[in-house]
Each structure stands twice: as C-alpha cells, then as structure tokens.
Amino acid sequence: MTDQTTGQSSGLNDNLRGAGLMAGSMAAFAFNDAMIKDVVTHMPLAEAVVLRSVLATLLLLFLAIRFGQFRFDFPRRDWGLVALRSMAEIGMTWFFLRALAAMPLANLHAVMQALPLTVALAAALFLREPLGWRRFAAIAVGFVGVMLIIRPGPDGFGPGTLNGLAAVGFITLRDLIARRLSPQVPSLAAAFITAAVITVFFAVQGLTEPWLMPNTTSILLIVGAAVAIFFGYLLSLMTMRVGDIGFSAPFRYTSLIIALILGWVFYGEWPEMLTFVGAGIVVATGLFTIYRERQIARRDAAETKR
C-alpha cells in the first residue's frame, strides 16, 4: 500500500512540475511578445527580427548541443518538410509581429488561443484525422468566440486583426507540417534550422530598407526577447519530459492571463468586455478539444493492448 501511495504521489508531483514548466514556458513567450512589441514600433521590422533571431539562433544552438539534438542525419523527405515548416514560420513571424505592433497584446493572444481548434479542424480536413461531432461542435462554438474577439466591422476589424488571423493560419500550417515529421527529426534541430532560415530571410529582406541605430532601451529589449525565447523553448522541452502531457497541456492558456497583465502594466491596454467573453469561449472550447483528444488517445491505446 505504501509503494502504491508513493507512486501516486510521485505521479502527482511530476504532473504539477509539468504544469509549472508549461506555465513558465507560456510566460517566457508572453514576455518575448511584450518586449518585441515595443521594439517593432520604433525600428524596421526586418532589423528587429534579425537582431533578435541572431541571438535566439545562438541560444538554440547551445540548447540543441546540450540536449544532444544537434544532428541532421534525418531522411530526405523530412528535409523537405523542415524547409516547408521554416517557410510557414517566416510567414507567421511576419504577420504576428505586424499584428503585435497594431493590436493590444492581450487581444492578439486571445486570437492565438484558437490554435488548438484550427489545428484540429485542419488536421481533419487535410490529414484525414478523425473529428467527431463533439469536437466539431466545440470548434464551431470556438470560432463564435473568435468573432467576438475580432468583431468584424468598421470599428473592430483592422489591419492588426487581419495580420493576427494570417499568423494563426501560418501557425496552423506549421503545426500540420510538424505532425508529418518522423521521430528521427530532433525538435531542437528543427527549431535551430528554422531560426537560422528566419535570420537569413529577414536579413535579405532588410536590404531593401534603411536600418536604424538601436538605442540602449531597444538593445536591452531585443536581448531580453531572445533570452525569453530561449527559456520558452527550454521549459517547453522540459515539459514534454515530465508528467502527463494531457495534464499540463491546458496550462498553455495561462499565456492569455500573463499577456493581459503585461499589456496592462507596460502599455495601459485593457480589453473590452466582449473580448473577455470571446476569449472565455475560445479557452473553454479549446480545453474541451484537449480533453476529447486525451480520451480518444486513451481509448485507442486500450484497444491496441487487447
């Protein structure tokens, strides 16, 4: 009885650590967004991306070597998928940062919470993954929540919103491609390649526009954003190795709370009530989607063992 109790306690502690790591990862990414939001309003977007990406690439290189994932001996098919994933990441970076400069931080993060819904729907449409009526209904309700956040119309639907929705589309494409990668592809190796490709792309794109000498504040914010991305990747990797991912996955939504606080503290932004209502609907349906996916995975595992 003591061994069983000890095992249950250990499992619970691992789950709590996993949840804490997931929340920490989301906080790191939210801090990156808050810092880079200020930078892209004072200097050319391409310059800001290059300066941040150079530092982030070096930090990812260190992380990949540290975890033994700095290797590129994966199949030729996966190289094509990694290249496509990098292109999707470029599109996401371009549109996300433009949306970040034009939208309140919390509003943009609220739109991003639709990702579990868009990925589930796209996987059903393009990868033929099963999608039951319950999850389909959750997706439909979730998109009603998205409409409340972006409020199509002359007052609520501007360039920032369009860029945010485009970013969601590119992230969905990126995640669909990631699902097709074979297990031989180390996640940090793929992240390092993507970061390097983004650096090169925006460096070339930046040749068409004048660069500005960043002031001390911008330099500190860029360094801070790169360090935040590093810790975001590190903590998310550690999350995958601790506890049950189904337990920690819902803590992704802590990024919305953190973005709300950061937007209010640093930019004086406070979303309207409809945004809160829409975000609540999106989070609730996203949590239900995660719950259903976890149930289906358990059922499939049980049937496989029979």
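See the structure above.
Residues numbered from 1 in each chain as written. Predicted model: local features only at pLDDT ≥ 70, side-chain atom pairs only at ≥ 80, totals over all residues. Heavy atoms only, no water.

Engineer: I keep staring at the packing of aromatic side chains and nothing clicks. Help me out?
Structural biologist: Within a pair of aromatic rings, the relevant descriptors are the distance that separates the centres and the angle that separates the planes. For the structure on display, the rule yields 14 aromatic pairs. Note on Phe 62 and Phe 230: the rings are 6.3 Å apart at their centroids and 45° apart in plane angle, and the pair reads as tilted. Highlighted residues: Phe 62 in helix α2 (residues 45-66) and Phe 230 in helix α9 (residues 216-240), separated in sequence by 168 residues. A relative accessible area of 51% places Phe 62 in the exposed class. A relative accessible area of 11% means that Phe 230 is categorised as buried. Their ring planes at 35° and their centres at 6.3 Å tell us that Phe 72 and Trp 79 sit as a pair that is tilted. Residue classification places Trp 79 among the partly exposed positions, given a relative accessible area of 36%. A cation over an aromatic ring shows up here: Lys 37 above the ring of Tyr 267, its NZ or CZ 5.5 Å from the ring centre. (Phe/Tyr/Trp six-rings, centres within 6.5 Å; stacked < 30°, edge-to-face > 60°. Helix = DSSP H or I, 4+ residues; strand = E, 2+ residues; numbered from the N terminus. Buried < 20%, exposed > 50% of the residue type's maximum accessible area, 1.4 Å probe, protein only. Lys NZ or Arg CZ within 6 Å of the ring centre and 35° of its normal.)

Engineer: So what exactly am I meant to see when it comes to the side chain of Arg 174 here?
Structural biologist: Locating Arg 174 in the fold gives a position in helix α7 (residues 159-180). Given a relative accessible area of 17%, Arg 174 falls into the buried group. Polar side-chain contacts of Arg 174 include one of 3.3 Å to the side chain of Glu 89. In this structure Arg 174 touches Arg 85, Ala 88, Glu 89 and Met 92, once residues within four positions along its chain are discounted. (Polar contact = N/O pair within 3.5 Å; in protein donor to acceptor, adjacent residues only side chain to side chain. Contact = heavy atoms within 4.5 Å.)

Engineer: What is the right way to look at the nonpolar core in this model?
Structural biologist: Ranked by size, the top nonpolar core spans 48 residues in total, and within it Phe 96, Met 112 and Phe 202 carry the most contacts. With near-sequence residues (within four places) excluded, Phe 96 lies in contact with Asp 33, Leu 108, Met 112 and Ala 167. (Core = buried A, V, L, I, M, F, W, Y, C linked by side-chain atoms within 4.5 Å.)

Engineer: Is there a simple way to think about the pattern of salt bridges in this case?
Structural biologist: Oppositely charged side chains may form a pair once their charged atoms are brought near each other. Inspection of every chain in the model, using the stated rule, returns five salt bridges. Between Lys 37 and Glu 269 there is a salt bridge; the shortest N-O distance is 3.6 Å. Here Lys 37, found in helix α1 (residues 2-39), pairs with Glu 269, found in the loop between α11 (254-267) and α12 (273-305); they are 232 residues apart in sequence, far enough to count as distant. Judged by its relative accessible area of 5%, Lys 37 falls in the buried class. Overall, the relative accessible area of 16% leaves Glu 269 in the buried class. (Salt bridge = Lys/Arg side-chain N within 4 Å of Asp/Glu carboxyl O.)

Engineer: Where do I start with the environment of Thr 208 in this structure?
Structural biologist: Summarising the element assignment, Thr 208 is placed in the loop between α8 (187-205) and α9. Judged by its relative accessible area of 66%, Thr 208 is exposed. Taking the C-alpha atoms as reference points, Thr 208 and Ala 46, 162 residues apart in sequence, are found 9.7 Å from one another. Among the polar contacts made by the side chain of Thr 208, one reaches the main-chain carbonyl oxygen of Gln 205 at a distance of 2.7 Å.

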